[in-house]
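Chains, contacts and geometry: an overview
What follows is each chain in one-letter form.
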Amino acid sequence: MNMLELRGVSKSYGKVLALRNVDLTVRAGELVSIVGPSGSGKSTLLQIAGTLDRPSSGTVRVAGYEISELSDGELSALRARYIGFVFQRFHLASGLSALDNVADGLLYSGLSRRQRRDRAAAALDQVGLGNRLDHRPHQLSGGQMQRVAVARAIASKPPLLLADEPTGNLDSAASAEVMSLFHRLNSTGVTVAIITHDPEVAAACPRRIRVRDGQVRAESA
Amino acid sequence: MTTLRPARLRPMDLARLGASGLTARPMRAILAAIGIAIGIATMVTVVGAAASSQEQILRQLDMLGTNLLRVEPGDSLFGKKARLPKSAAAMVKRIEGVVQAGQTGDTGTTVRRNDLISSSISLGIAVQATDLDLLDTLEGEVRTGVWLNAATERQPAVVLGAVAAERLGLTSPGVQVWIGDRWFTVIGILDRMPLAGEIERSALIGFPAAEGYLNHDGHPTTVYERSSDEHVESVHALLARTVNPANPSEARVTRPSDTLKAKAAVAGAFTGLMLGLGAIALFVGGVGVANTMVVAVLERRGEIGLRRSFGATRGQVRTQFLVEALLLSTLGGGAGVLLGALATFVYARANSLPAVLPPWAPAGALATTVLIGTLAGIYPALRAARVPPTVALSTQ
Ligand SMILES: Nc1ncnc2c1ncn2[C@@H]1O[C@H](COP(=O)(O)OP(=O)(O)OP(=O)(O)O)[C@@H](O)[C@H]1O
Ligand SMILES: [Mg+2]
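This report concerns the structure included in the present document.

What counts and how
Residues numbered from 1 in each chain as written. Chains lettered and ligands numbered in written order. Predicted model: local features only at pLDDT ≥ 70, side-chain atom pairs only at ≥ 80, totals over all residues. Heavy atoms only, no water. Helix = DSSP H or I, 4+ residues; strand = E, 2+ residues; numbered from the N terminus. Expected span 1.5 Å × (residues − 1). Bend = angle between axes of the 7 residues up to and from the residue. Buried < 20%, exposed > 50% of the residue type's maximum accessible area, 1.4 Å probe, protein only. Near = heavy atom within 4 Å. Polar contact = N/O pair within 3.5 Å; in protein donor to acceptor, adjacent residues only side chain to side chain. Areas by Shrake-Rupley, 256 points an atom, 1.4 Å probe, with all protein chains shown as cover. Nonpolar A, V, L, I, M, F, W, Y, C, P; charged D, E, K, R; others polar. Salt bridge = Lys/Arg side-chain N within 4 Å of Asp/Glu carboxyl O. Pairing = 2+ DSSP bridges. Contact = heavy atoms within 4.5 Å. Buried area = accessible area lost by both parts, 1.4 Å probe. Axes fitted to C-alpha atoms, helices over the stretch in contact; angles between N-to-C directions. Parallel < 35°, antiparallel > 145°, perpendicular 65-115°, else oblique. Left-handed = near helix turned anticlockwise from the far one by under 90°.

**Some words on helix H13 (residues 360-386) of chain B**
Residues and elements named next belong to chain B. Over its 27 residues, H13 runs 39 Å from end to end, which matches the ideal 39 Å to within 8%, given 1.5 Å per residue. By the largest-angle criterion, Ile 378 marks the main kink of H13, which is about 40 degrees, and a proline, Pro 380, follows within four residues. Three or more residues of H13 are buried, namely Ala 361, Ala 365, Thr 369, Ile 372, Gly 373, Ala 376, Gly 377, Pro 380, Ala 381, Ala 384 and Ala 385.

The following block contains the structure:
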């Protein structure tokens, strides 16, 4: 089954053509890295694949859903159920504990507060932070904060995890921790796509997608 | 393939979500809510102060009763004061339902502390002849000394109304005052009589004394009558004919409690100026809330994008910010109601009034703040809903 399917996708911002006629398929269960120079269109590609933006032309299918046919509400439901995002900036609320930050990610899932907190605790346990539930972000290291963000992304058990430079703000040790987390998640069946500038991170992925000037230039498996 | 349907936010989750934006920056929330708090407090206080003043008068009215009527002869055809018959009060007493009646006759003279003071200085005190039943009819009380009796009504003895005594500077009986061209002894001072202000401002002597010492003609100028409550209307209809059979249309029958009722109505009406000030404060407060919310939306684009990536719909983002604006203004409104209630209490205390706040005042205040919050929140909420989900990914 194809988790992601992009056909002839282009995206323009005014005169800037950020993506040109991209064809890309990611099968369920894959772990792919997306590499390429700055400004080449990696983030744009991830936004469109993650339904955060719509393409200027071309078709996008996520988990089998053709997104051009979906309303804002349906698209939101798709994101809530199928996709977890991890960003370079952790986007954690400074006033909330790790548990509440993770539970916040489940707010739009329809679960009760009780269930959200239970699932959040389980997700934090899964990323090795079961003993840090009550810590505020400022009481955590960068690597731990990113693991909280990963826990938030996977708490709803989405089949697809999209990460935009998740190790961009981390040192090599923390980076290795987070990467091993992605590998572990992938081994449980989660499809993972990671944008990275780090050759080591890219090399650790079974499949690499190279983007240049808005086009998918090369794939190496 | 299953259909995609976004989950609904539970009301409690929505409330918590709206509150989270405020608790993240409590100081700003307080400052933003102050305008509305002041506006609501002003309005509640205006209503509370008016209601307290009114309640005071209504309670007085309750105590004094509304069954007292007063008759004056009115003017005759030729513009002269018509005269009431000497036996007016006695005739009134025979009307069915009348419990008590008394009469007074203006003597046209003045009262002074001594004979050295010019007679042109009246101090606004009328010297009136009275029959012995007047005090009973008015349900008045003697504050100090005694009321006239069958003996003293023939003697140069005078009983002073509360205001008259005050103006003469007297607090106890036993002193002499100068009435007409001779000394009278003050034998009593009356309590206040809210239903008969003219008696409060009078020096009262007996009818025989007035005729004997002041050349009074013995005709009353005013008759007071108290009936049982259910007879007030029927007595009212008969009074004019009874006291002035020749020209009933000229007799003027009044109900002193009506004046008090009118006073209560006036006291219950609040001043437009204060309400206007409150409305301006509310408007400014509403603009303050709108402004704070617009700033919050600009600052929290990242949070909005993040929530969109979690699966929040545009509608849910809109609702979140609307709820936040509503909570903000309701916070101000709640504080305003408390402040206004406190101010009403202090005002009532300071003026020795019963503190009264009609229930519709806080209810109306809260309804107003909900309306303001909605109006102030609509634009920021619409802007929040337009923030694209992609801002979550952008790194700047
Ligand atoms: N919202 C936007 N409006 C206008 N231009 C944009 C916008 N987002 C991206 N672009 C442009 O599209 C191109 C691709 O941007 P994108 O962010 O996808 O690059 P990237 O590969 O993620 O770069 P980096 O490695 O620096 O993150 C760039 O030229 C960028 O300036
Ligand atoms: Mg990028």
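**Quick word on the site of ligand 1**
Residues and elements named next belong to chain A. Around ligand 1, the surrounding shell holds 13 residues, and the nearest of these are Ser 38, Gly 39, Lys 42, Ser 43 and Thr 44. Glu 165 is positioned with one of its side-chain polar atoms (N or O) 3.4 Å from an oxygen atom of ligand 1. Contact with the protein chains covers 60% of the free accessible surface of ligand 1, which is 630 Å². Of all the secondary-structure elements, those providing two or more residues to the shell around ligand 1 are strand S2 (16-27) and helix H1 (42-49). Among the elements that line the shell around ligand 1, the one with the most residues is H1, at three residues. Considering only residue class, the shell around ligand 1 consists of four nonpolar, seven polar and two charged.

**Overview of the pattern of salt bridges**
Counting across every chain of the model gives 23 salt bridges over all chains. Measuring nitrogen to oxygen at the nearest pair gives 2.8 Å for the salt bridge that ties B:Asp13 to A:Arg116. Remark: A:Arg116 occurs in helix H4 (residues 113-126) and B:Asp13 occurs in helix H1 (residues 11-24); the pair is interchain, linking two chains. For the pair shown, B:Asp13 and A:Arg116 are each scored as buried. Across the pair B:Arg252 and B:Glu72 runs a salt bridge, and its minimum N-O distance is 3.1 Å. Here B:Arg252, found in strand S11 (residues 252-254), pairs with B:Glu72, found in strand S1 (residues 68-72); they are 180 residues apart in sequence, far enough to count as distant. Taken together, the shared-partner salt bridges in this structure form one network comprising A:Asp104, B:Arg300, B:Glu303, B:Arg307 and B:Glu324.

**So, the sheet that holds strand S1 (residues 2-13) of chain A**
All names here are of chain A. An order of S2-S1-S4-S5 is seen for the four strands of this open sheet, with the pairing classed as antiparallel. The two strands at the open ends of the sheet, each matched to only one other strand, are S2 and strand S5 (65-66). By the bridge criterion, five bridges tie S1 to strand S4 (residues 57-62) in an arrangement that is antiparallel. Bridge pairing links Leu 4 to Val 62 in S4.

**Quick word on the interface of chain B and chain A**
Every contact between the two is made by 30 residues of chain B and, on the other side, 36 residues of chain A. Both sides together, the interface formed by chain B and chain A hides about 2,900 Å², and carbon and sulfur atoms give 58% of it. Ionic pairing is found between A:Asp72 and B:Arg308, a salt bridge with its closest N-O pair at 2.8 Å. For the pair chain B and chain A, the interface holds nine residue pairs in polar contact (both at pLDDT 80 or more). Elements with a contribution of two residues or more to the side of chain B that touches chain A: H1, helix H11 (301-310) and helix H12 (314-350) of chain B. The leading source of residues in the side of chain B that touches chain A is H11(B), at five residues.

**A look at the packing of helix H2 (residues 26-64) of chain B against H13(B)**
Axis angle and axis distance: for two packed helices, these are the angle between their axes and the distance between the axes, and together they describe the pair. Residue and element names in this part refer to chain B. Where H2 meets H13, the axes come as close as 10 Å, and the angle between the chain directions of the two elements is 155 degrees. If you check the angle between H2 and H13, you find them roughly antiparallel. Seen along the crossing, H2 lies across H13 with a hand that is right-handed. Contacts between H2 and H13 involve Ile 36, Ile 40, Val 44 and Val 47 from the first element and Trp 360, Ala 361, Ala 365, Thr 369 and Ile 372 from the second.

It is worth stressing that arrangement in space is one thing and function is another; only the former is reported here.
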